[in-house]
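# Examination of the molecular architecture
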Amino acid sequence: MEKLMTTSKKLDFVFGVMQKIIIAVAAIMLVVVPTLFFINTDTVNSDGNGYNIIDINGIRLEISEKFAPDTKEFLVYMGVTTTLAIAIVTVIYCMISIIRKILKPMTEGCPFDKSVGYNIRKIANMTIILGLLANAFSAVETIGTIFLFRLSELFAEGAVRKVSANLSFDVTFFIVYFILLLISHIFIYGTELQKLSDETL
């Protein structure tokens, strides 16, 4: 039991540090994106380091200024993707908070506290939200890149016949959800057994 308590305290400390890092990252995102609205877009585009840069899976394409996206459209795209990114970060922060709630009774030597099973169930539910947000972010990023940078026009010379989005829907979070849901039921059942054992004694 002593080992469980020590390990739980160490994990709680690590997750506490992670929460602080997440807050810092979210704060930076909230400052950087609004700042884009006040940037001189003509300067950014002429330098070749702004809205005419496309990053696709590690490949960076620098297109000519005439194909650079409209500033307003780009900022809308950045706004949507950043909002989704902040939502993802927020969900992760909340999940870590719940994990710390799970660890709290364990640090006190009560691994089968009633709250543990229910908190695991909360994390299971949040994996669904996280998975949906991650898939939405991927879809917006893919479709947005195609239309924002008019990729079909860039490849109009005939070398590339068609540009389309190859969207994928990751369902791993569903598997994680059911696994966590099962674990939550095991913990709740364990809590009931512990309660019965204590009453018998």
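The structure reproduced in this document is the subject of the present report. Note that this is a predicted model, so its numbers are computed, not measured. (Residues numbered from 1 in each chain as written. Predicted model: local features only at pLDDT ≥ 70, side-chain atom pairs only at ≥ 80, totals over all residues. Heavy atoms only, no water.)

### As for helix α3 (residues 71-107)
Taking 1.5 Å per residue as the helical rise, α3 with its 37 residues ought to reach 54 Å, and the 52 Å between its terminal C-alpha atoms agrees with that figure. Positioned one or two residues after α3, G109 has a phi angle of 80°, which is positive. (Helix = DSSP H or I, 4+ residues; strand = E, 2+ residues; numbered from the N terminus. Expected span 1.5 Å × (residues − 1).)

### Brief notes about the nonpolar core
Grouped together as the largest cluster of nonpolar side chains are 25 residues, with contacts concentrated most on I102, M106, V116, I120 and I123. Broken down by secondary-structure element, the contributors of at least two residues to this core are α1 (2-36), α3, α4 (114-148) and α6 (172-200). Broken down by element, this core gets its largest block of residues, 10 residues, from α3. (Core = buried A, V, L, I, M, F, W, Y, C linked by side-chain atoms within 4.5 Å. Buried < 20%, exposed > 50% of the residue type's maximum accessible area, 1.4 Å probe, protein only.)

### Considering the pattern of salt bridges
Counted under the stated rule, the structure contains two salt bridges. The salt bridge partner of K104 is E108, with a shortest N-O separation of 3.1 Å. Among the residues examined, E108 registers a relative accessible area of 48% and is labelled partly exposed. (Salt bridge = Lys/Arg side-chain N within 4 Å of Asp/Glu carboxyl O.)

### A look at a nonpolar patch on the surface
Side chains of F13, V14, V17, M18, I21 and V25 sit close together on the surface and give an oily, nonpolar patch of about 510 Å² of accessible area. Here V25 shows up in helix α1. (Patch = residues over 30% accessible without salt bridge, like charges linked within 9 Å, V, L, I, M, F, W, Y side chains within 5 Å. Areas by Shrake-Rupley, 256 points an atom, 1.4 Å probe, with all protein chains shown as cover.)

### Focus: the packing of α3 against α4
At their nearest, the axes of α3 and α4 sit 9 Å apart, and the two run at 165° to each other. Considering their axes alone, α3 and α4 lie roughly antiparallel with respect to each other. In the crossing of α3 with α4, the sense of the turn from one axis to the other is left-handed. A per-class count over the contact of α3 with α4 returns 28 nonpolar, six polar and four charged. (Axes fitted to C-alpha atoms, helices over the stretch in contact; angles between N-to-C directions. Parallel < 35°, antiparallel > 145°, perpendicular 65-115°, else oblique. Left-handed = near helix turned anticlockwise from the far one by under 90°. Nonpolar A, V, L, I, M, F, W, Y, C, P; charged D, E, K, R; others polar.)

### Here's the deal with the side chain of Q19
Checked against the element boundaries, Q19 lands in helix α1. Overall, the relative accessible area of 7% leaves Q19 in the buried class. In contact with Q19, other than residues within four places in its own chain, are Y93, I96, S97 and R100. (Contact = heavy atoms within 4.5 Å.)

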